[in-house]
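So the chains spell out like this:
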Amino acid sequence: MADVALLAGVSSQTVSRVSNGHAAVTEETRRRVLAAMKELDYRPNSAARALKSGEFRTLGVILFTLATTGNVRTLEAISASAADQGYAITLLPVATPTSTGVRGAFTVLGEQVVDGIIVIMEVHLLDAAVSLPPHTHVVVADSDAGDRYSVVDTDQSGGARAAVQHLLDLGHRTVVHVAGPTESFAAQRRADAWRQTLEEAGRPVPAPVGGDWSAASGYEAGLVLAADPSCTAVFAANDQMALGVLRALHEKGRRVPDDVSVVGFDDIADSGSFVPPLTTVHQDFAEVGRLCVDGVLRQIRNETAERGTTLVPTRLVVRDSTAPPPAAAGH
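Residues numbered from 1 in each chain as written. Predicted model: local features only at pLDDT ≥ 70, side-chain atom pairs only at ≥ 80, totals over all residues. Heavy atoms only, no water.

(A) Examining unusual backbone geometry more closely. Residue proline 257 follows valine 256 across a cis peptide bond; omega there is 5 degrees. If you trace the backbone, proline 257 turns up in the loop between helix H10 (239–251) and strand S9 (261–263). Residue valine 275 is joined to proline 276 through a cis peptide bond whose omega torsion reads -5 degrees. Following the sequence through the fold, proline 276 ends up in the loop between S9 and strand S10 (280–282). Although it is not a glycine, tryptophan 213 adopts a positive phi angle of roughly 85 degrees. Within the fold, tryptophan 213 resides in the loop between strand S7 (209–210) and helix H9 (215–226). Here tryptophan 213 falls in the buried class, since its relative accessible area comes to 16%. At aspartate 267, a residue that is not glycine, the phi angle is positive and equals roughly 60 degrees. (Helix = DSSP H or I, 4+ residues; strand = E, 2+ residues; numbered from the N terminus. Buried < 20%, exposed > 50% of the residue type's maximum accessible area, 1.4 Å probe, protein only.)

What follows is the structure in structure tokens.
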């Protein structure tokens, strides 16, 4: 820094101001300092800066898998939002969803000196409910821990209700559900909302068909549903399983939406290119990521961080995979 100051003809304090982006520097001086930095190949030492300020400008992210669309999209949104705020992220996958595994991840991230932590807790832990270390700046995404921590989640229930109600409004007597894995918070909320919507409408509640988020599991479920002539409407817990359902119905000669209507959840980038284009529930992953980062930064800045859950709204995107049931369409 002293070398830059000497070459630019300014003080070291002025070099520091330019390096940190302070406004209290004239444009001419800023240009001289930047030119001197370039000539001398000067780079601010982020480690030294962190030790001095106590801020490392890094957020830790703990999650259990990168195999699901929701986790990947949420992580992408967190990374983008953190970068907008001048923060990097350190990603730490946990192999087994246990409280011990999560506590171990906190220990590792503590040793790597991060300013705050975001936990993408999309599955139930295999043992007891996790107890996060005290005095930690933390936000939890996709969880039921709002009574203990600051939680951000998509309005899973509202989205599922909209999907089922859309099918009922089209005239379908009931809706079959292709459910996600039982350990998933999101799958549980979507299944509960499906069941409650049917019960409140006084409609029969068919046995759900289980899946694991994959298109392959949706295909297997679709083969079962295709063999049931009474099935005219399907709500799949995500778009990949809906894709598998569409393939199975096509192979078995059940036309979509003429014979069977299909709705998914997520609104992945390719859902509008399915055959037919998929009616689905759109999730605002960018807003989830923004709120997670905003929440943990408010804690870092000693602003209020209340317990509770913030729900990000969903919206139903109606495309060509849904229509009235065959009998209604024939009238």
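There's plenty left to go through after this.
(B) Spotlight on the sheet that holds strand S5 (residues 150–154). Ordered in space as S2-S1-S3-S4-S5-S11, the 6 strands form an open sheet in which the pairing is parallel. With partners counted over all chains shown, the strands left at the sheet margins are strand S2 (88–93) and strand S11 (308–312), one partner each. Put simply, the sheet's adjacent strands are angled 20 degrees from each other on average, direction ignored. Here strand S4 (residues 138–141) runs beside S5; their pairing, made up of 3 bridges, is parallel. Note that in S5 the partner of alanine 141 across the bridge is valine 152. Relative to strand S3 (residues 116–120), helix H5 (residues 69–84) is tilted by about 160 degrees, and along the sheet it contacts strand S1 (58–63), S2 and S3. (Pairing = 2+ DSSP bridges. Axes fitted to C-alpha atoms, helices over the stretch in contact; angles between N-to-C directions. Contact = heavy atoms within 4.5 Å.)

(C) The arrangement of the pairing of S3 in detail. By the criterion of burial, S3 is predominantly enclosed, with 5 of the 5 residues buried. Burial of the side chains of S3 extends over both faces: Gly116, Ile118 and Ile120 are buried on one face and Ile117 and Val119 on the other. Alignment of S1 against S3, held across 5 bridges, turns out to be parallel. Note that in S3 the partner of valine 61 across the bridge is isoleucine 118. Bridge count for S3 against S4 is 4 bridges, and the pairing is parallel. Paired with valine 119 across the two strands is valine 140, which belongs to S4.

(D) Main features of the nonpolar core. In this structure, Val178, Leu225, Val234, Met241, Val245, Leu249 and Val262 are the most contacted members of the largest nonpolar core, which totals 23 residues. Going through the elements one at a time, strand S6 (176–179), H9, strand S8 (233–236) and H10 are the ones with two or more residues in this core. The greatest single-element share of this core, amounting to 5 residues, is contributed by H10. Ignoring sequence-local partners within four residues, the contact set of leucine 225 consists of Val176, Val178, Val209, Cys231, Val234 and Arg254. (Core = buried A, V, L, I, M, F, W, Y, C linked by side-chain atoms within 4.5 Å.)

(E) A look at the pattern of salt bridges. For the structure shown, the criterion picks out 11 salt bridges. The partner of arginine 161 in a salt bridge is glutamate 200, with the nearest N and O atoms 3.0 Å apart. Residue arginine 161 is located in helix H7 (residues 156–169), and its partner glutamate 200 is located in helix H8 (residues 185–200); the two are separated by 39 residues in the primary sequence. Owing to a relative accessible area of 28%, arginine 161 belongs among the partly exposed residues under this scheme. You can call glutamate 200 exposed: its relative accessible area is 60%. (Salt bridge = Lys/Arg side-chain N within 4 Å of Asp/Glu carboxyl O.)

(F) Examining the side chain of threonine 14 more closely. Tracing the backbone shows threonine 14 in helix H2 (residues 12–19). Looking at threonine 14, the relative accessible area reads 14%, which means it is buried. In terms of polar contacts, threonine 14 uses its side chain to reach the side chain of serine 11, at 3.1 Å. Residues contacting threonine 14, with those up to four places away along its chain left out, are Val25, Thr29 and Val33. (Polar contact = N/O pair within 3.5 Å; in protein donor to acceptor, adjacent residues only side chain to side chain.)

(G) Main features of the sheet that holds S6. In spatial order, the strands read S7-S6-S8-S9; together these 4 strands make up an open sheet with parallel pairing. Each edge of the sheet is formed by a strand with only one pairing partner; in this case those strands are S7 and S9. For S6 and S7, the ladder comprises 2 bridges, and the chain directions are parallel. Paired with valine 178 across the bridge in S7 is valine 209. On top of the sheet, H8 reaches S6 and S8; it is set at about 170 degrees to S6, its chief contact. Here H10 sits on the sheet in contact with S6, S8 and S9, set at roughly 165 degrees to S9.

Geometric values such as these leave the question of function open.
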